[in-house]
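What follows is each chain in one-letter form.
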Amino acid sequence: MCKIKEMLGKDEKVWVYLDSEDTWEEFTSMAVAEGFHFGELPVERWEFGYVVAVHSNRDMGHLPLFIWCRSFSGDVDNCPRKIDFWQYINGKDYYCKESQFTYNMISK
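Each chain carries its own residue numbering, running from 1 in the direction its sequence is written. Per-residue local features of the predicted model are confined to residues with pLDDT of at least 70, and side-chain atom pairs are confined, for both listing and counting, to 80 or more; whole-chain, interface and lining totals are unaffected and use all residues. Side-chain measures were taken over the full set of non-hydrogen atoms in the model, leaving aside hydrogen atoms and water.

Visitor: Sorry if this is basic, but what is going on with the overall build of the protein chain here?
Guide: Secondary structure elements are defined from DSSP: runs of H or I of at least 4 residues count as helices, runs of E of at least 2 residues count as strands, and each element is numbered from the N terminus. Each helix and strand in the protein chain was counted, giving four helices and four strands. In the protein chain, the order of α-helices and β-strands from amino to carboxyl end is α-β-α-β-β-α-β-α. When we talk radius of gyration, it's over C-alpha atoms, and the globule rule is simply 2.2 Å times the number of residues to the 0.38. Since a compact globule built from 108 residues should have a radius of gyration of about 13 Å, the 14 Å found for the protein chain is in line with a globular shape. Each principal axis of the C-alpha distribution contributes one length, and for the protein chain these read about 50 × 30 × 25 Å. Each residue gets one of three labels from its accessible area relative to the maximum for its type: buried under 20%, exposed over 50%, partly exposed in between, using a 1.4 Å probe on protein chains only. Within the span of the protein chain, comprising 108 residues, buried residues form 34% of the whole. Throughout, a contact is declared for two residues whenever any of their heavy atoms are within 4.5 Å. Taking the intrachain contacts of the protein chain between residues at least 6 apart in sequence as the baseline, contacts between residues at least 24 apart amount to 62%. When the accessible surface of the protein chain is summed, it comes to about 7,000 Å², and 49% of that surface belongs to carbon and sulfur atoms. A distance of 6 Å separates the average location of the 12 positive side-chain charges in the protein chain from that of its 18 negative side-chain charges. For the area figures, the Shrake-Rupley method with a 1.4 Å probe applies, and any residue is considered shielded solely by the protein chains shown. Counted as positive: Lys and Arg. Counted as negative: Asp and Glu, with His and the chain ends omitted from the count. A single reference atom marks each charge: NZ on Lys, CZ on Arg, CG on Asp, CD on Glu.

Visitor: Got a minute to help me understand the side chain of Ser 99 in this structure?
Guide: Following the sequence through the fold, Ser 99 ends up in the segment after α4 (85–89). Among the residues examined, Ser 99 registers a relative accessible area of 18% and is labelled buried. With residues up to four places along the chain from it excluded, the contact list for Ser 99 reads Trp 68, Cys 69 and Phe 72.

Visitor: I keep staring at the pattern of salt bridges and nothing clicks. Help me out?
Guide: Any two side chains of opposite charge can pair, so long as their charged atoms come close to each other. A pairing counts as a salt bridge when a side-chain nitrogen of Lys or Arg comes within 4 Å of a carboxyl oxygen of Asp or Glu. Summed over the entire model, instances satisfying the criterion amount to two salt bridges. The salt bridge involving Asp 11 is made with Arg 81; its shortest N-O contact spans 2.4 Å. Of this pair, Asp 11 sits in the loop between α1 (4–8) and β1 (13–17) while Arg 81 sits in strand β4 (residues 81–84); the two residues are 70 residues apart in sequence, bridging distant segments of the chain. Residue classification places Arg 81 among the partly exposed residues on the basis of a relative accessible area of 25%.

Visitor: In this structure, what is going on with the environment of Leu 18? I would like to understand it.
Guide: Examined against the element boundaries, Leu 18 turns out to sit in the loop between β1 and α2 (21–33). Looking at Leu 18, the relative accessible area reads 0%, which means it is buried. Sequence separation of Leu 18 and Val 51 is 33 residues, and the distance between their C-alpha atoms is 6.0 Å. Not counting chain neighbours up to four residues away, the residues in contact with Leu 18 comprise Thr 23, Trp 24, Phe 27, Phe 48, Gly 49, Tyr 50, Val 52 and Phe 85.

Visitor: How should the sheet that holds strand β2 (residues 51–55) be read in this particular structure?
Guide: Note: strands within a sheet are paired through backbone hydrogen bonds, in either parallel or antiparallel orientation. The pairing criterion is simple: DSSP has to find at least two bridges between the two strands. The strand order across the open sheet built from four strands is β3-β2-β1-β4, with neighbouring strands paired in mixed fashion. In this open sheet, the two strands that pair with only one neighbour each are β3 (60–62) and β4. Adjacent strand axes in the sheet meet at a mean angle of 25 degrees, parallel and antiparallel pairs treated alike. To get an axis, fit a line to the C-alpha atoms, keeping to the stretch in contact for a helix; angles then go from 0 to 180 degrees between the N-to-C directions.

Dropping the structure here:
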């Protein structure tokens, strides 16, 4: 079975896309089993989020969707690897090459 720590590899951090609350539940079960945490927040207070930054020191945090979407624009350097967690646990091509979200900018 895949592990979150293996997903990190030698990277300091990765950004993980979670497509649904079911995927979130799978992710958090694995995270708890492997000793990952959201700072000092107890597990029962963890809340669903679509994108989580996972660090090699086993700390995690939610990533704003704006940052996630912006990171695909091509003019942003040094972003962590972006991983689709559902694809990862199902043994498929799991690197995110484009954002799963669309966004519209209001222009004048």
